[in-house]
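# Residue-level structural notes
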Amino acid sequence: MKRRDREIETREEMLHVLDTCKVIRIAMYDEDGIYLLPMNFGYTYEGKELIFYLHAALEGKKLDLLQKNQKVGFELDCDHELIEGRVACQYGFRYASIVGQGKAEIIDDSAEKIKALSILMKCQTGKDFEFNERLVSIVSVIKITAEEFSGKRRE
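Fair warning: this is a prediction, and the values are worked out from it, not measured in the lab.

About the criteria used
Residues numbered from 1 in each chain as written. Predicted model: local features only at pLDDT ≥ 70, side-chain atom pairs only at ≥ 80, totals over all residues. Heavy atoms only, no water. Helix = DSSP H or I, 4+ residues; strand = E, 2+ residues; numbered from the N terminus. Contact = heavy atoms within 4.5 Å. pLDDT = per-residue confidence, 0-100. Core = buried A, V, L, I, M, F, W, Y, C linked by side-chain atoms within 4.5 Å. Buried < 20%, exposed > 50% of the residue type's maximum accessible area, 1.4 Å probe, protein only. Arc of directions from axis to C-beta. Patch = residues over 30% accessible without salt bridge, like charges linked within 9 Å, V, L, I, M, F, W, Y side chains within 5 Å. Areas by Shrake-Rupley, 256 points an atom, 1.4 Å probe, with all protein chains shown as cover. Salt bridge = Lys/Arg side-chain N within 4 Å of Asp/Glu carboxyl O. Pairing = 2+ DSSP bridges.

This part is about the side chain of Lys-143. Inspection of the secondary structure assignment puts Lys-143 in strand β8 (residues 140-154). With residues near it in sequence (within four places) discarded, Lys-143 still touches Ile-51, Phe-52, Tyr-53, Lys-103, Ala-104, Glu-105, Ile-107 and Glu-112.

Across the protein, the average pLDDT comes to 93, with 97% of residues at 70 or higher. When mean pLDDT is compared element by element in the protein, strand β5 (residues 49-56) scores highest at 97, while strand β1 (residues 7-8) scores lowest at 87.

Ranked by internal contacts, the top residues of the largest apolar core, which has 30 residues, are Leu-18, Ile-24, Ile-26, Phe-52 and Leu-76. Not counting chain neighbours up to four residues away, the residues in contact with Ile-26 comprise Tyr-35, Leu-36, Leu-37, Met-39, Leu-54, Val-72, Gly-73, Phe-74 and Ile-144. With nine residues, the next largest nonpolar core counts Tyr-53, Ile-119, Val-136 and Val-141 among its residues.

This part covers helix α1 (residues 11-20). Along α1, the residues that are buried comprise Met-14, Val-17 and Leu-18. Along the axis of α1, the buried positions cluster into a sector of 95°, meaning they face one direction only. Summarising the contacts, the buried residues of α1 are in contact with β1, β4 (42-46), β5, β6 (71-83), β7 (92-107) and β8.

One non-glycine residue, Asp-79, lies in the positive phi region at around 60°. Relative to the helices and strands, Asp-79 is located in strand β6. Its relative accessible area of 21% is what places Asp-79 among the partly exposed residues.

For the rest of this paragraph, the subject is a nonpolar patch on the surface. A surface patch of nonpolar side chains, about 350 Å² in accessible area, is lined by Tyr-29, Ile-34 and Leu-36. By relative accessible area, which is 60% here, Ile-34 ends up exposed.

In this structure, strand β2 (residues 23-30) lies alongside strand β3 (residues 33-40), joined through eight bridges in antiparallel fashion. By the bridge assignment, Ile-26 is partnered in β3 with Leu-37. Counted between consecutive antiparallel strands, the loop separating β2 from β3 contains two residues.

So, about the pattern of salt bridges. Applying the stated criterion across every chain yields a total of 10 salt bridges. One salt bridge connects Glu-75 with Arg-25, and the closest N-O pair in it is separated by 3.0 Å. A residue pair is termed long-range when its members are at least 10 positions apart, and Glu-75 in strand β6 and Arg-25 in strand β2 qualify at 50 residues. The salt bridge partner of Glu-147 is Lys-71, with a shortest N-O separation of 2.8 Å. One end of the pair, Glu-147, is in strand β8; the other, Lys-71, is in strand β6, with 76 residues separating them in the sequence. Classification of Lys-71 by relative accessible area gives partly exposed; the value is 34%. By sharing partners, the salt bridges in this structure join Glu-13, Arg-153 and Glu-155 into a single network.

Quick look at the structure:
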């Protein structure tokens, strides 16, 4: 990171970004290059372990790509605001972001899918939902374990 003065260093700041952002962008490898998708997410951040949960259809391009290569990149950002200046070069943009990479896996176990979807819905809505075997059988759940990540902000 070039601008160390903008590095997010505290857990509280990192949680602010995770709780404020509602969309994560996931980059996967494709034979033709990089395949990038915005997705809603849920997360757990315990100790230094950051895990994201995403839901998807039972089949599709992202699942095909993840079965071939589990390595992913991710990015999320929030707190956007234009900072005005007198001249063009003095303009800036306020933001907070997290970027990183990790390993994705498709969860098959129903109990783990129920837990993951409950986390996702709580993060997205602030509400608790109940899931059953039938509901989780019609969706895929992707778990991304962050292997490295960092946060950055501009006030």
